[in-house]
Amino acid sequence: MVLSKNDAVEYCCFAMNTEITFGIYGDKSGKTLKSLISLINGLEEKLSRFITGSEIDRINKASGKFPVKVSRETFEILSVSRKFNKITHGSFNILLGTVTDTWDIKNSRDIPEESEIERALNLACCDDLVLNPVVQTVWLRKEGQSIDLGGIGKGYAGDRCMEILKRSKIKSAVINLGGNVCVYGRKPDGSLWRVGIRHPRHENELIGFIEVMDRHVVTSGDYERYFDDRDGIRRHHIMNPITGCPSESGLISVTVISDNGIAADALATSIFAMGMGKCTDLIARFPGSEAVLVDENLGIHVTKGIKDSFNLIDGKSVNII
Ligand code: ADP
Ligand code: MG
């Protein structure tokens, strides 16, 4: 879908396994849109584990065998992912590919055998990710290991989109990469962007919205991809790397607001996996980042720095953490 008038273009497409929408406002918006689309397609071709021959696919297939030479982008995202693994004491782990494959949340209706989870978990060790910056190669030490960038790839893409927007003549833009919203500048009318935060249990409702400019607003929730098991437990797509099962941290939605897209994405996934107790310490390590959490009782919690730009929908209350 393309809607183009004067110097504005709105467009929607499917890439990176999700729906992506663009609103680009200003001089040469069509040209900027084309650059953004080709950037996203190019990144997907390198980073998707589902595309045969992508750099990640080649690394995964060479696991236990040999190092693979990769592009600057792939090397960068893997280096940052490893850094987040350290910062989160293992909660953020891109080597969970074997575990996500075992659960196959999208297609399964039943939980895997314990032995299968254990086998998958034994391979999910970030220390086996060997990065050689001199020759820009990546090696997974053990055969069968698998990189999954699902928790960070769209955040990286968001940063790269912002770079394009900064280099362009565009004054104002909003890009929604399947729940990772990037807002650039202010709205064309000069006001701040309003980004809604979805109610985790009611599809067409918001719990609130934030008013921001030049920010990445990234949400991890348990409501996009899940199934309910025989005992009625919701099994979603964010894994606890210790148990090898969907996390049960008490949080059902985590939104991180940041000037850094890759950090916002990795932090949202990590805080979701770790729970509310770890949120403030982690967020404090990233100046320019704030969080809005929803717990399993639908309680809303926000970090101090965002309280003035966060607006609740009527009838709800908020706890400041
Ligand atoms: P989404 O991309 O669906 O908006 P997230 O950014 O939270 O949500 O990413 C979830 C995806 O990240 C999962 O589908 C899986 O591919 C991967 N993943 C799951 N658990 C973890 C984890 N603990 N650390 C890193 N990546 C994870
Ligand atoms: Mg994420």
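Residues numbered from 1 in each chain as written. Chains lettered and ligands numbered in written order. Predicted model: local features only at pLDDT ≥ 70, side-chain atom pairs only at ≥ 80, totals over all residues. Heavy atoms only, no water.

Q: Hey, could you run me through helix α3 (residues 72-87) in this one?
A: An α-helical turn contains 3.6 residues, so any two residues separated by three or four positions project in the same direction. When the terminal C-alpha atoms of α3 are compared, their 23 Å separation across 16 residues agrees well with the 22 Å that a helix rising 1.5 Å per residue should span. What α3 keeps buried is the set E73, T74, F75, I77, L78, V80, S81, F84, N85 and I87. Just downstream of α3, H89 is the residue with a positive phi angle, here 50°. (Helix = DSSP H or I, 4+ residues; strand = E, 2+ residues; numbered from the N terminus. Expected span 1.5 Å × (residues − 1). Buried < 20%, exposed > 50% of the residue type's maximum accessible area, 1.4 Å probe, protein only.)

Q: Whenever I open this one, the sheet that holds strand β10 (residues 206-212) confuses me. Can you help?
A: What links the strands of a sheet is backbone hydrogen bonding, and the strands pair in either a parallel or an antiparallel sense. With antiparallel pairing, 3 strands are arranged side by side in an open sheet as β9-β10-β19. The outermost strands of the open sheet, each flanked by one partner alone, are β9 (193-198) and β19 (310-312). Averaged over all pairs of adjacent strands, the angle between their axes in this sheet comes to 25°, without regard to strand direction. Bridging between β9 and β10 involves 6 bridges; their strand directions are antiparallel. The residue of β10 that forms the bridge with W193 is V212. (Pairing = 2+ DSSP bridges. Axes fitted to C-alpha atoms, helices over the stretch in contact; angles between N-to-C directions.)

Q: What should I look at first to understand unusual backbone geometry in this one?
A: Positive phi is not limited to glycine here, since H89 has a value of about 50°. Mapped onto the elements, H89 comes out in the loop between α3 and α4 (97-103). On the basis of relative accessible area, H89 is assigned to the exposed category, the value being 73%. Even without being glycine, D104 reaches a positive phi, approximately 40°. With respect to the secondary-structure elements, D104 resides in the loop between α4 and α5 (114-122). Using a relative accessible area of 30% as the deciding quantity, one classes D104 as partly exposed.

Q: Whenever I open this one, the sheet that holds strand β4 (residues 68-69) confuses me. Can you help?
A: Overall, antiparallel pairing links the 3 strands, which are arranged β4-β6-β5 in an open sheet. Pairing within the sheet leaves two strands with one partner each, and these edge strands are β4 and β5 (129-132). Here β5 pairs with strand β6 (residues 137-140) via 4 bridges, running antiparallel. The residue of β6 that forms the bridge with L131 is V138. With respect to the sheet, α3 is in contact with β5 and β6, its orientation differing from that of β5 by roughly 130°. (Contact = heavy atoms within 4.5 Å.)

Q: Any chance you could explain the packing of aromatic side chains here in plain terms?
A: The geometry of an aromatic ring pair is captured by the separation of the ring centres together with the interplanar angle, meaning the angle of the planes. Inspection of every chain in the model, using the stated rule, returns 4 aromatic pairs. Seen from their ring centres, Y25 and W193 are 6.4 Å apart, and the 35° between their planes marks the pair as tilted. Residue Y25 is found in strand β3 (residues 18-26), and its partner W193 is found in strand β9; the two are separated by 168 residues along the sequence. Per residue, the accessibility class of Y25 equals that of W193, and both read buried. Between F84 and F92, the aromatic rings sit 6.3 Å apart at their centres with planes inclined by 70°, giving edge-to-face as the arrangement. Like F84, the residue F92 is buried in the burial classification. Joined through ring pairs, the aromatic side chains of F84, F92 and F286 make up one cluster. Across from the ring centre of Y226, 3.9 Å away, lies the NZ or CZ of R234, which sits over that ring. (Phe/Tyr/Trp six-rings, centres within 6.5 Å; stacked < 30°, edge-to-face > 60°. Lys NZ or Arg CZ within 6 Å of the ring centre and 35° of its normal.)

Q: I would appreciate a short explanation of a negative patch on the surface in the present structure.
A: On the surface, a cluster of negative charge is contributed by E113, E114, E116 and E118. In this structure, E114 sits in helix α5. (Patch = residues over 30% accessible without salt bridge, like charges linked within 9 Å, V, L, I, M, F, W, Y side chains within 5 Å. Areas by Shrake-Rupley, 256 points an atom, 1.4 Å probe, with all protein chains shown as cover. Salt bridge = Lys/Arg side-chain N within 4 Å of Asp/Glu carboxyl O. Lys, Arg positive; Asp, Glu negative; His and termini not counted. Charge placed at Lys NZ, Arg CZ, Asp CG, Glu CD.)

Q: It is not clear to me how the packing of helix α1 (residues 29-47) against α3 should be interpreted in this structure. Could you clarify?
A: Describing two packed helices takes the angle between their axes plus the distance from one axis to the other. With their axes 10 Å apart at the nearest point, α1 and α3 run at an angle of 70° to one another. Put simply, α1 runs roughly perpendicular to α3. Viewed along their axes, α1 and α3 form a crossing whose handedness is right-handed. Here α1 contributes L43, K46 and L47 to the contact with α3, which in turn contributes E73, T74 and I77. (Parallel < 35°, antiparallel > 145°, perpendicular 65-115°, else oblique. Left-handed = near helix turned anticlockwise from the far one by under 90°.)

Q: Honestly, the packing of helix α6 (residues 153-167) against helix α7 (residues 261-274) in this entry has me stumped. Any pointers?
A: At a minimum axis distance of 7 Å, the contact between α6 and α7 shows a crossing angle of 160°. With respect to their mutual orientation, α6 and α7 come out roughly antiparallel. Remark: the crossing between α6 and α7 carries right-handed chirality. On the side of α6, the interface is formed by G153, K154, G155, Y156 and D159, while α7 contributes G261, I262 and D265.

Q: Whenever I open this one, the coordination of the magnesium ion (ligand 2) confuses me. Can you help?
A: Perfect tetrahedral coordination of a metal by four donors corresponds to 109.5 degrees between them, and perfect octahedral coordination by six donors corresponds to 90 or 180 degrees. Looking at the magnesium ion (ligand 2), one finds its protein donor set to be G151 (O), D265 (O), D265 (OD) and T269 (OG1), positioned 2.0 to 2.5 Å from the metal centre. In terms of primary sequence, the donors binding the magnesium ion (ligand 2) are separated according to G-x113-D-x3-T. With D265 and T269 both in helix α7 and 4 residues apart, this pair spans about one turn of that helix. Of the two residues, D265 and T269, neither departs from the other in class, the shared state being buried. (Donors = N, O, S within 2.8 Å, 3.2 Å for Na, K, Ca; no water.)

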